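Structural description and commentary
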Amino acid sequence: MVANSEALSPQEELVQDLLSIVHCFSSRLYGLRKYKEKVKLIAQGVDPCLK
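A brief structural summary. (Residues numbered from 1 in each chain as written. Predicted model: local features only at pLDDT ≥ 70, side-chain atom pairs only at ≥ 80, totals over all residues. Heavy atoms only, no water.)

Looking now at the overall build of the protein chain. Along the backbone of the protein chain there are two helices and zero strands. Counting over 51 residues, the protein chain shows a buried share of 4%. As displayed, the protein chain offers around 5100 Å² of accessible surface, 63% of which is attributable to carbon and sulfur atoms. (Helix = DSSP H or I, 4+ residues; strand = E, 2+ residues; numbered from the N terminus. Buried < 20%, exposed > 50% of the residue type's maximum accessible area, 1.4 Å probe, protein only. Areas by Shrake-Rupley, 256 points an atom, 1.4 Å probe, with all protein chains shown as cover.)

Rendered as structure tokens:
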């Protein structure tokens, strides 16, 4: 049994795959935004846990 039984052309499959990759990485970047200040402090050599 196949979950996605749509008949797609190779180009359509490629587009769907690329869109899912872009979505995955953009979600990861969005999730990392809350650590932006900590990353800045670590790059400056400051321990963010002491702040």
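More follows now that the structure is in view.
Moving on to the environment of Glu37. Mapped onto the secondary structure, Glu37 falls in helix 2 (residues 36-43). In the structure, Glu37 is positioned eleven residues away from Pro48 in sequence and 8.7 Å away in space, judged by C-alpha atoms.

Right, let's get into a nonpolar patch on the surface. A cluster of nonpolar side chains, namely Leu14, Leu18, Ile21 and Phe25, defines an oily patch on the protein surface of about 400 Å² accessible area. Summarising the element assignment, Phe25 is placed in helix 1 (residues 10-32). Given a relative accessible area of 49%, Phe25 falls into the partly exposed group. (Patch = residues over 30% accessible without salt bridge, like charges linked within 9 Å, V, L, I, M, F, W, Y side chains within 5 Å. Salt bridge = Lys/Arg side-chain N within 4 Å of Asp/Glu carboxyl O.)

For the rest of this paragraph, the subject is the packing of aromatic side chains. Inspection of the entire model under this criterion finds zero aromatic pairs. Geometry around Phe25 places Arg28 over its ring, the cationic atom sitting 5.7 Å from the centre. (Phe/Tyr/Trp six-rings, centres within 6.5 Å; stacked < 30°, edge-to-face > 60°. Lys NZ or Arg CZ within 6 Å of the ring centre and 35° of its normal.)

Let us now look at a negative patch on the surface. On the surface, Glu6, Glu12, Glu13 and Asp17 cluster together into a patch of negative charge. Looking at where Glu13 falls in the secondary structure, it is placed in helix 1. Residue classification places Glu13 among the partly exposed residues on the basis of a relative accessible area of 42%. (Lys, Arg positive; Asp, Glu negative; His and termini not counted. Charge placed at Lys NZ, Arg CZ, Asp CG, Glu CD.)

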